[in-house]
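Chain and residue survey
One letter stands for each residue in the lines below.
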Amino acid sequence: MENPTYHPRRYPQHNGPKGQVFGGECNRPSCTSQGAVFYNRANHAYNCPACAADINKWPLGGIEACVEVKHPLTLGEMTNMTARAIMAMQP
C-alpha cells in the first residue's frame, strides 16, 4: 500500500493511517470498515461508502461533504476539492 498523504488539517487526528489511506480503514471513529474511497472535504479524510452516505444526509451549505474519488489524492487535490466546496457554498 502507498504511503498516505496526511492533510495538515485532518480531523480527528487518529494515531496511524486511519482515514488517511485511499481504500483503507474508514475515518469515522466508530467504524472499522475497509474500502474508504469517499473523500470528506470537511475533515480531509477518507470514509467508507456506508459512512459517506450517512454523513451526506446532512449537507454542508447545500453540498455533500463526501465525494467518491478514483485514486489516492495528493495534498494539492485535497486542498483544491475543499476550496471548490467552500466556493460552492458562497451566496
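Heads up: the structure comes first, above all this text.
So, a few notes on the structure that sits alongside this text.

Rules behind the numbers
Residues numbered from 1 in each chain as written. Predicted model: local features only at pLDDT ≥ 70, side-chain atom pairs only at ≥ 80, totals over all residues. Heavy atoms only, no water. Helix = DSSP H or I, 4+ residues; strand = E, 2+ residues; numbered from the N terminus. Rg over C-alpha atoms; globule rule 2.2 N^0.38 Å. Salt bridge = Lys/Arg side-chain N within 4 Å of Asp/Glu carboxyl O. Buried < 20%, exposed > 50% of the residue type's maximum accessible area, 1.4 Å probe, protein only. Core = buried A, V, L, I, M, F, W, Y, C linked by side-chain atoms within 4.5 Å. Contact = heavy atoms within 4.5 Å. Phe/Tyr/Trp six-rings, centres within 6.5 Å; stacked < 30°, edge-to-face > 60°. Pairing = 2+ DSSP bridges. Axes fitted to C-alpha atoms, helices over the stretch in contact; angles between N-to-C directions.

1. A short note on the overall build of the chain
- On a plain count of helices and strands, the chain comes out with 2 helices and 3 strands.
- When its helices and strands are written in sequence order, the chain yields β-β-α-β-α.
- For the chain, whose C-alpha radius of gyration is 12 Å, the value lies close to the compact-globule estimate of 12 Å for 91 residues.
- The principal-axis extent of the C-alpha atoms belonging to the chain is close to 40 × 25 × 25 Å.

2. Re the pattern of salt bridges
- According to the stated counting rule, one finds 4 salt bridges in the structure shown.
- Here Lys 18 and Glu 25 are joined by a salt bridge, their closest N and O atoms 3.0 Å apart.
- Where Asp 54 meets Arg 28, a salt bridge forms, and the shortest distance between an N and an O atom there is 2.8 Å. Remark: Arg 28 occurs in the segment before strand E1 (38-40) and Asp 54 occurs in helix H1 (residues 49-55); sequence separation between them is 26 residues.
- Take Asp 54: its relative accessible area is 29%, and that puts it in the partly exposed class.
- The class of Arg 28 is partly exposed, set by a relative accessible area of 27%.

3. Side note on the nonpolar core
- In terms of nonpolar packing, the biggest core is built from 7 residues, these being Ala 36, Tyr 39, Tyr 46, Val 69, Leu 73, Met 78 and Met 81.
- With sequence-adjacent residues up to four places away left out, Met 78 is seen in contact with Thr 5, His 7, Tyr 39, Tyr 46 and Leu 73.

4. Focus on the packing of aromatic side chains
- All told, the structure shown has 2 aromatic pairs when counted by the stated rule.
- Measuring from ring centre to ring centre gives 5.9 Å for Phe 22 and Tyr 46, while their planes differ by 75°; the resulting arrangement is edge-to-face. Taken together, the positions of Phe 22 in the segment before E1 and Tyr 46 in strand E2 (residues 45-47) put the pair 24 residues apart, joining distant regions of the chain.
- Looking at Phe 22, the relative accessible area reads 23%, which means it is partly exposed.
- Using a relative accessible area of 2% as the deciding quantity, one classes Tyr 46 as buried.
- Taken together, the ring pairs connect Phe 22, Tyr 39 and Tyr 46 into an aromatic cluster.

5. Examining the sheet that holds E1
- Strands sit in the order E2-E1-E3 across an open sheet of 3 strands; the sheet is antiparallel. Here the strands that pair on one side only, and so sit at the sheet edges, are E2 and strand E3 (66-68). For this sheet, the mean inter-axis angle between neighbouring strands, taken without regard to orientation, is 35°.
- Bridging between E1 and E2 involves 3 bridges; their strand directions are antiparallel. Bridge pairing in E2 places Tyr 39 opposite Tyr 46.

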